[in-house]
Every structure is written in C-alpha cells, then in structure tokens.
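A closer look at the structure
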Amino acid sequence: MGTTQPIRDKEDLKKFMDYYKVENPKPRDYALVVFGLHTALRISDILNLQWREVYDFEKQCFLDHIFIQERKTGKQNVIPLNQHVEEALAAYKMQQDSRAEDYIFSKRTNHKAPIHRTQAYRIVRQAAQETLQEPNISCHSLRKTFGYHAWKQGTPPALLMDIYNHSSYQVTKRYLGISQDERDAVYLKIDL
C-alpha cells in the first residue's frame, strides 16, 4: 500500500516519539512530532503557528486551548493543549529566546520564518527510518496516528468524523486505515 499510514503499534509509536528526545536530542524536532501526534492538525497549520497562539507571555504560561483557522477547510478549530504537548514545547522554549511573534517551528537561524514543509517531512522521515519498519510514514502520518489510536481507545466514530471534518464514517475509516485493519482481521481469524 503506497499511501501514508498511521503508526499502529504502540511500542513503535513510543520509539518514534522518543527518537528526537533520547536517540538524537533535538527539542524543536521532538516538539514538532509530539505536537503533530497530539493535535491532529495538518502540517501546514502546525508550521504557521506562532508562540503567541500557544503561550501567554504576560502570565508566562501555556494557553489551555489553541484557536486555529484551518488553511485547507477554512473552518475554525479549538484544540486543547495536553500535558505532552506543553512539556515538549516547554523544553523547546527553554532552548531559545522566543518572542510572541516568532514561529514555533522556525528555522534555527531565523525565528521570524517557519521551517518549510520539506524540512518537516525530513524530520518525520528521519525518525521513521531510524525507528520503524513502515516505509509509508510522512507528516500526514502524525494526523492519522492520532485518529487511529483515538479510535482504538474507543472514541465514537461521529466524534472522529467531526475532528477530521469528514462527511461519513466510511471516509474516516478509509482515511485511518481502519477498513484495511478490519479486513485483515477477517482473513487472519478465519480457520477453515
């Protein structure tokens, strides 16, 4: 299958997430991976975020939610920042002199410019190549992985459809690779 896949196995996911934290420490890259996995945002929306959208510089604390206008759909989205995202962003923020107008995932030499999509892809691909056997991992895998594990943990299908702005559960199942998982289970369980 040549399409982008979610990271299905929990142990693989942990190794993938920890690559830029433990194996090859890079706070920005680690924060990017954690942010993508825990917010289900498209990479284009992630790369355009500025620090003021996640951090209150007056109160010196992270915001409870981010409010984002999705570039692809134009829809307003409100996403809570969980503990994992806050911790990854805090560790990254300590490594640099961040200002409210700086992009979160900026170039190392210019905080006024976000990294490019191709750089984000390289970051994700390197972690995947070093930790996973799955060849079809890309930036979009972060978004798909969120939904796949939310589904496995019992999130109602209608809620996943809403998160992804899909028109039907069939679209969401296909998007997350759930349809193939269900089909595989039938073939693997059959004992004739």
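Quick notes on the rules
- Residues numbered from 1 in each chain as written.
- Predicted model: local features only at pLDDT ≥ 70, side-chain atom pairs only at ≥ 80, totals over all residues.
- Heavy atoms only, no water.
- Helix = DSSP H or I, 4+ residues; strand = E, 2+ residues; numbered from the N terminus.
- Buried < 20%, exposed > 50% of the residue type's maximum accessible area, 1.4 Å probe, protein only.
- Contact = heavy atoms within 4.5 Å.
- Phe/Tyr/Trp six-rings, centres within 6.5 Å; stacked < 30°, edge-to-face > 60°.
- Expected span 1.5 Å × (residues − 1).
- Axes fitted to C-alpha atoms, helices over the stretch in contact; angles between N-to-C directions.
- Left-handed = near helix turned anticlockwise from the far one by under 90°.
- Nonpolar A, V, L, I, M, F, W, Y, C, P; charged D, E, K, R; others polar.

Time to look at the environment of C61. On the secondary structure map, C61 appears in strand β2 (residues 61–62). Classification of C61 by relative accessible area gives partly exposed; the value is 34%. If sequence neighbours within four positions are ignored, C61 has contacts with Y55 and D56.

Looking now at the packing of aromatic side chains. Here the structure, examined in full by the defined rule, presents eight aromatic pairs. With a centroid separation of 4.8 Å and an interplanar angle of 75 degrees, the aromatic rings of Y19 and Y20 are classed as edge-to-face. A single burial state applies to Y19 and to Y20, both of which are buried. On the basis of an interplanar angle of 80 degrees and a centroid distance of 4.9 Å, the ring pair of Y55 and F57 is categorised as edge-to-face. Taking relative accessible area as the criterion, Y55 reaches 11% and is therefore assigned buried. The exposure class assigned to F57 is partly exposed, which follows from its relative accessible area of 28%. Here the aromatic cluster, defined as three or more aromatic residues joined through ring pairs, consists of F35, W51, Y92 and F105.

Across its 14 residues, helix α6 (residues 139–152) extends 21 Å between first and last C-alpha, which sits within 8% of the 20 Å expected from 1.5 Å per residue. Among the 14 residues in α6, eleven count as buried, and that is most of the element. Residues C139, S141, L142, R143, K144, T145, G147, Y148, H149, A150 and W151 constitute the buried set of α6. Looking at the residues trailing α6, positive phi occurs at G154, about 95 degrees.

On to the packing of α6 against helix α8 (residues 169–176), then. Contact pair α6 / α8: the axes reach a minimum separation of 9 Å and the direction vectors enclose 115 degrees. As α6 runs across α8, the sense of the crossing is left-handed. Seen from α6, the contacting residues are H140, R143, K144, G147, Y148 and W151; seen from α8, they are Y169, Y175 and L176. For the contact of α6 with α8, a count of residues per class yields five nonpolar, two polar and two charged.

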